[in-house]
Amino acid sequence: MATTSVPTAPGAEWWRHAVVYQIYPRSFADGNSDGTGDIPGIRARLPHLIDLGVDAIWVSPWYPSPLLDGGYDVADYRNIAERFGTLDDARAFIADAHAAGIRVIVDLVPNHTSWDHEWFTAARSAPSGSAERRRYMIRPGRGVDGELPPNNWTAVFGGSAWTRLDDGEWYLHLFDESQPDLDWTNPEVRAEFIDILLFWIRLGVDGFRVDVAHGLVKDPTLPDVAVNEGILESALIENHPHWDRDGVHEIIREWRAVLDAEQAEHGRDLMMVAEAWVHPTSLPKYLRPDEYHQSFNFDFLQCEWEAGLMREAVDRALAGSEAVGSSPTWALSNHDVVRHATRYGLPPETDWRAWLLDGPHDALDAALGLRRARAAALLLLALPGSTYLYQGEELGLGEVFDLPTDVLDDPVWENSGRTRKGRDGCRVPIPWTVAGSSYGFGEKGSWLPQPARFAALSVEAQSGDPDSTLELHRRAIAIRREMWIDAGALEWSNKFTREEEQVLCLRRGDMTCLVNFGSEPVALPAGAVVLSSEPLRTDGLLPGPAAAWIRTD
Ligand code: NOJ
């Protein structure tokens, strides 16, 4: 199936209802046996994604990078890291994916470069105030000799957001010190990123996932912040000096115009999805018709496994995206958060980031987490909009919370003074086979150790087992395509939704999805059960926690 020739009519674009599979390239499949995933590995495993039935693949950064933040520290935006392959490998992968009817989205990282980027190397040795320095947020310090950072901002990964250069000036980095923030008031920076967009569009990609979409613009007076909170909490503060500032919208509109022009001129069907950790009431602004096509829905991702809260999060997302003519997205995991099969197995209100290090690890009920994750998959795939699945989610992988601290690679570990374990536990390489070196990930081990429990979760172990999480996903995605995509608007069924009893029931046309969040069995609406995340009981009731799809004639 050709995927790049004819743009679809407004309102029916592919991204509005796509199942998008996120590949974290280091950890997907290793084609050259060096312990790190790569593009030949992805190409070899493409049949898995074809069998799964996904519509698009989002590839996390594959660019040259010192990997001090897992690739979100880009040293060259127009190339592929040697460890992952070559530009020709990327072209071949995109061609393979397109031939299978699968679109490809790449990551755009505009807030910061790597300190290995040639611009930053030049800025380091250039004089104060030079054109090279003006591409970044470089300022003199405070104090008698400028020995204090320009303000009190802290980096998301911990520590000050400022690091001093050899000549005494300071550069801003909202993340790791290896990720200097660009100055988006500089026209050269803006022109450069338009060129980067065009480079990848012309190479054949179908869209962009935009990193830290809410962070590009800073208050030019660089005021101190009143409270230094984490990325999630501070995004909720009004008029924050570096998150969610109005100026970002002008930049987004510029990018959107580029995509629209390419689309009109070359018959493409392009999209951009924003990673914007902003307040749900602010998010629709990013989704106006001349801005992002979509954004991630972190409000839903972070929701506790609780019927009333989930329903509210669904309603907020539907209302927010409808108000601006966008369509909602749903995701429960990605490369930055504890996998939801684990989160859902923890006691309510556990701070899961802290739990990784602090435990107690025996508080985890992994079997319960997996049952809930299977039910959640049916909820996600029944909702109007598009679904983002993170690699391994289709296998029911949980977080590898017990990684020994000496293998941790995420800068969060060191930058937090070893008080936060970071995100490695959701980035452990995928198990493909029951046995063999690194469970089929590659032939020579894997860059992070995989636990023995991965064998039973491998693609090989689950394929063909009708009760497996993998087969559940395969069936669900196939049925979704046939029965849910055009099923129409969502309504909650008053008869079957009973939040106090932990039951949600949504209807779209003749399709119904009932989710039993609790542990008591519940009755299902009349109709044919087309799929359920657990077998129905002999009395026809749906056990809990579980979900079922029902078709009424
Ligand atoms: C968000 C990315 O998803 C994350 O992995 C990265 O560390 C930060 N942005 C900084 O680029």
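Okay, so let's go over this structure. (Residues numbered from 1 in each chain as written. Predicted model: local features only at pLDDT ≥ 70, side-chain atom pairs only at ≥ 80, totals over all residues. Heavy atoms only, no water.)

## Here's the deal with the sheet that holds strand β12 (residues 491-492)
Put simply, the rule reads: Here, strands pair whenever DSSP counts at least two bridges between them. The secondary structure listing takes helices from DSSP runs of H or I that are at least 4 residues long and strands from runs of E that are at least 2 residues long, numbered from the N terminus. Only heavy atoms matter for contacts: two residues are in contact if any of them lie within 4.5 Å across the pair. Fitting a line to C-alpha atoms yields each axis, with helices limited to the stretch in contact; the angle taken between N-to-C directions then spans 0 to 180 degrees.
Taken together, five strands build an open sheet; the order of strands is β12-β13-β14-β16-β15 and the sheet is antiparallel. Both edges of this open sheet fall to β12 and β15 (528-532), since each of them pairs with a single strand only. Relative to strand β14 (residues 511-516), strand β13 (residues 503-508) runs antiparallel, the two being bridged by six bridges. Directly across from R507, in β14, lies its bridge partner T512. Here helix α10 (residues 307-323) sits on the sheet in contact with β12 and β13, set at roughly 30° to β13. Of the strands in this sheet, β13, β14, β15 and β16 (546-551) touch helix α16 (residues 469-484), which is tilted by about 135° from β15.

## Some details on the pattern of salt bridges
The cut-off we apply is this: One speaks of a salt bridge when a side-chain nitrogen belonging to Lys or Arg is within 4 Å of a carboxyl oxygen belonging to Asp or Glu. Three labels apply to residues, based on accessible area from a 1.4 Å probe with only protein chains included: buried if under 20% of the type maximum, exposed if over 50%, partly exposed otherwise in between.
According to the stated counting rule, one finds 38 salt bridges in the structure shown. Of the charged contacts, one joins R481 and D55 as a salt bridge, the two residues approaching to 3.0 Å between their closest N and O atoms. Pair noted here: R481 is in helix α16 and D55 is in the loop between α2 (46-52) and β2 (56-59), with a separation of 426 residues, a long-range link. In this structure D55 comes out as buried when scored by relative accessible area, which is 17%. Its salt-bridge partner being E501, residue R498 comes within 2.8 Å of it at the nearest N-O pair. For R498, a relative accessible area of 25% gives the class partly exposed. Each of D69, D336, D410, R423 and R427 takes part in a single network of salt bridges with overlapping partners.

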